[in-house]
Amino acid sequence: MKKAMFAFASEIFPEDIKRIRKKMSLTQAAFAKMLNVSVKTVERWENDGQPVTGPIVALLKILDEYPEIREEFEIPPRYFPMRLWYMYKNEVCTVIEVNEREKRVHIFNYTRDNMKRAFGKIERPTYEQYEEFLESRCFPRTRDKMKLALKELDLPFYEPLMIIEKTAGRMAEDDFWIKIER
């Protein structure tokens, strides 16, 4: 078996880290958030004068070559009254913006895996498709002893969004869940 080789340096220098951050038009705080490190770590990397080593070197090389990747993962400001985060374990898969009054839905997918996307291949779901999605994350309307299940959740009637608020849309057979922001 041949040994894999990759064109990544073993270290990166402070001036290169700062250049990459500025190339991406990010503050130290935003850069730290994107890299999942503390602001103090970014400050140290940029100002310590010492080369940085470790897995961050490969990630920074990728960001230097493809700075537009930021746009693929940046969560935009909320512009509809409600936002649902469709998650797989701790991974953000789809952000769903909803205006219930106007019956409008807009989504942002953060995975290319259609099996992890809230609406699969659908890029512009209708409000009806959104309602179907919500119902798919609850027990069915036709469930035997549904009134007991609703009573356990302290709900007066079957309403998928209310059920999801109580259960986080968790199903027994998968690791997907939903966080709701109003």
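Refer to the structure printed above.
Residues numbered from 1 in each chain as written. Predicted model: local features only at pLDDT ≥ 70, side-chain atom pairs only at ≥ 80, totals over all residues. Heavy atoms only, no water.

Student: How do you make sense of the side chain of Asp 64 when you look at a structure like this?
Tutor: Along the chain, the position of Asp 64 falls in helix 4 (residues 56-65). Sequence-distant contacts of Asp 64, that is, excluding residues within four places in its chain, are made with Arg 19, Ile 20 and Lys 23. (Helix = DSSP H or I, 4+ residues; strand = E, 2+ residues; numbered from the N terminus. Contact = heavy atoms within 4.5 Å.)

Student: Teacher, can you tell me more about unusual backbone geometry here?
Tutor: A negative phi holds for most residues other than glycine; trans holds for most peptide bonds. Positive phi values are uncommon outside glycine, yet Lys 89 reaches one of about 55 degrees. Among the secondary structure elements, Lys 89 is positioned in the loop between strand 3 (82-88) and strand 4 (91-99). Classification of Lys 89 as partly exposed rests on a relative accessible area of 49%. Backbone geometry places Lys 145, a non-glycine residue, at a positive phi of 60 degrees. Tracing the backbone shows Lys 145 in the loop between helix 6 (127-136) and helix 7 (146-152). (Buried < 20%, exposed > 50% of the residue type's maximum accessible area, 1.4 Å probe, protein only.)

Student: Explanation requested: a nonpolar patch on the surface in the structure shown.
Tutor: Among the surface-exposed residues, Phe 6, Phe 8, Ile 62 and Tyr 66 lie close enough to one another that they form a single nonpolar patch of about 440 Å² accessible area. Of note, Phe 8 is situated in the segment before strand 1 (11-12). You can call Phe 8 partly exposed: its relative accessible area is 38%. (Patch = residues over 30% accessible without salt bridge, like charges linked within 9 Å, V, L, I, M, F, W, Y side chains within 5 Å. Areas by Shrake-Rupley, 256 points an atom, 1.4 Å probe, with all protein chains shown as cover. Salt bridge = Lys/Arg side-chain N within 4 Å of Asp/Glu carboxyl O.)

Student: Please clarify how the pattern of salt bridges should be interpreted in this entry.
Tutor: Side chains that differ in charge, positive against negative, can pair when their charged atoms come close. This model, assessed by the stated rule, comprises 16 salt bridges. Of the charged contacts, one joins Arg 19 and Asp 64 as a salt bridge, the two residues approaching to 2.9 Å between their closest N and O atoms. Here Asp 64 lies in helix 4 and Arg 19 lies in helix 1 (residues 14-23), a separation of 45 residues in the sequence. On the basis of relative accessible area, Asp 64 is assigned to the buried category, the value being 15%. Arg 141 is the partner of Glu 135 in a salt bridge, and the nearest nitrogen-oxygen pair spans 3.0 Å. Residue class for Arg 141 comes out partly exposed when judged on its relative accessible area of 46%. The network of salt bridges with common partners includes Asp 16, Arg 19, Lys 23 and Asp 64.

Student: Would you mind showing me how to read the environment of Pro 125 here?
Tutor: Secondary-structure assignment places Pro 125 in the loop between strand 5 (104-109) and helix 6. Expressed as a C-alpha distance, the spacing of Pro 125 and Ile 107, which sit 18 residues apart in the sequence, is 7.8 Å. Ignoring any residue separated from it by four or fewer positions in sequence, one finds Pro 125 in contact with Val 105, Ile 107 and Phe 119.

Student: How should I be thinking about the nonpolar core in this particular structure?
Tutor: Soluble, globular proteins show a tendency: their nonpolar side chains are buried together. Counting residues in hydrophobic clusters, the biggest one holds 26 residues, and the most contacted among them are Leu 84, Ile 96, Tyr 130, Phe 133 and Ile 163. Contributions of two or more residues to this core are made by strand 3, strand 4, strand 5, helix 6, helix 7, helix 8 (160-167) and strand 6 (176-181). When neighbours within four sequence positions are excluded, Phe 133 is seen to be in contact with Tyr 86, Ile 96, Ala 118, Phe 119 and Ile 178. The next biggest cluster of nonpolar side chains, apart from the first, holds 15 residues, and it includes Leu 26, Phe 31, Leu 35 and Leu 60. (Core = buried A, V, L, I, M, F, W, Y, C linked by side-chain atoms within 4.5 Å.)

Student: Explanation requested: helix 4 in the structure shown.
Tutor: Looking only at helix 4, the buried set comprises Ile 56, Val 57, Leu 60, Leu 63 and Asp 64. The buried residues of helix 4 occupy an angular sector of 125 degrees when projected down its axis, which confines them to one face. For helix 4, the elements touching its buried residues are strand 1, helix 1, helix 2 (28-35), helix 3 (39-47), strand 2 (52-53) and helix 5 (69-73). (Arc of directions from axis to C-beta.)

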